[in-house]
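A closer look at the structure
Spelled out from the first residue to the last, the chains are:
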Amino acid sequence: MNAFSKLTLAIVMSAASSVAFAQDSHAGHGAAHAGHEAPASAELTDGEVKKIDKEAGKITLRHGEIKNLNMGAMTMVLRVKDASMLDQVKVGDNVKFAADRVNGAVTIVQMQKAQ
């Protein structure tokens, strides 16, 4: 396979996955947790809730490595995409979460209590 064929294949595969993601991301709009789901490719990170600031829509987590953001393990304050996420956890809870950059800020886009 020549370089042009490889590039063409990569573009077609990328476009196909984008269409599949767009279709999948709209599938659960009526679900109870709509807006709390991360893209299927996002890897969940383990964390421990240290502090919750519902008024500011922020949570302090001690967390492991956030691979998609090239961020090492640390304790930090994070925004949440939806303030209702903060009603699901309390200080001391272990969680699994996905974070991404939203409007330039590291933001939790999915969070659930660890089982």
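Every value quoted in this text rests on a predicted model; they were computed, and no experiment measured them. (Residues numbered from 1 in each chain as written. Predicted model: local features only at pLDDT ≥ 70, side-chain atom pairs only at ≥ 80, totals over all residues. Heavy atoms only, no water.)

Taken over all residues, the pLDDT of the protein has a mean of 78, while the share at 70 or more is 63%. When pLDDT is averaged over each element of the protein, strand β2 (residues 58–63) comes out on top at 98 and helix α1 (residues 3–25) at the bottom at 48. (pLDDT = per-residue confidence, 0-100. Helix = DSSP H or I, 4+ residues; strand = E, 2+ residues; numbered from the N terminus.)

Now for the pattern of salt bridges. Across all of its chains, the model carries 7 salt bridges by this definition. Of the charged contacts, one joins D93 and K113 as a salt bridge, the two residues approaching to 3.7 Å between their closest N and O atoms. In this pair, D93 is assigned in the loop between β3 (74–80) and β4 (94–102) and K113 in strand β5 (residues 105–113), connecting sequence segments 20 residues apart. We classify K113 as partly exposed; its relative accessible area is 41%. The structure contains a network of salt bridges with shared partners spanning E48, K50 and R62. (Salt bridge = Lys/Arg side-chain N within 4 Å of Asp/Glu carboxyl O. Buried < 20%, exposed > 50% of the residue type's maximum accessible area, 1.4 Å probe, protein only.)

For the rest of this paragraph, the subject is the sheet that holds β5. Taken together, the 5 strands give a closed barrel; going around it, the order is β1-β2-β3-β5-β4, and neighbouring strands pair in mixed fashion. Direction aside, the axes of adjacent strands within the sheet are offset by 55° on average. As judged from the 8 bridges shared by β4 and β5, these two strands associate in the antiparallel manner. Paired with D100 across the bridge in β5 is T107. (Pairing = 2+ DSSP bridges. Axes fitted to C-alpha atoms, helices over the stretch in contact; angles between N-to-C directions.)

Before going further, it helps to examine the pairing of β4. The pairing of strand β1 (residues 45–53) with β4 spans 4 bridges and is classified as antiparallel. Considered in β4, the bridge of D46 is made with K96.

Formed by 18 residues in total, the largest nonpolar core has its most connected members in I59, L61, L78, V95, F97, I108 and M111. Excluding anything up to four places from it in sequence, V95 contacts T45, D46, G47, V49, L61, V89, M111, Q112, K113 and A114. (Core = buried A, V, L, I, M, F, W, Y, C linked by side-chain atoms within 4.5 Å. Contact = heavy atoms within 4.5 Å.)

For residues that are not glycine, phi is negative in most cases, and the peptide bond is trans in most cases. The phi dihedral of N70 falls on the positive side, at around 50°, and the residue is not glycine. Position of N70 among the secondary structure elements: in the loop between β2 and β3. Given the relative accessible area of 73%, N70 is considered exposed. In this structure, N103 is a non-glycine residue whose phi angle is positive, near 50°.

Within β5, 7 of the 9 residues are buried, which leaves the element mostly enclosed by the surrounding structure. Relative to β5, β3 runs parallel, the two being bridged by 2 bridges. In the strand pairing of β5, R79 is matched with T107. Here β4 hands over to β5 after 2 residues, with N103 in that stretch at a positive phi of 50°.

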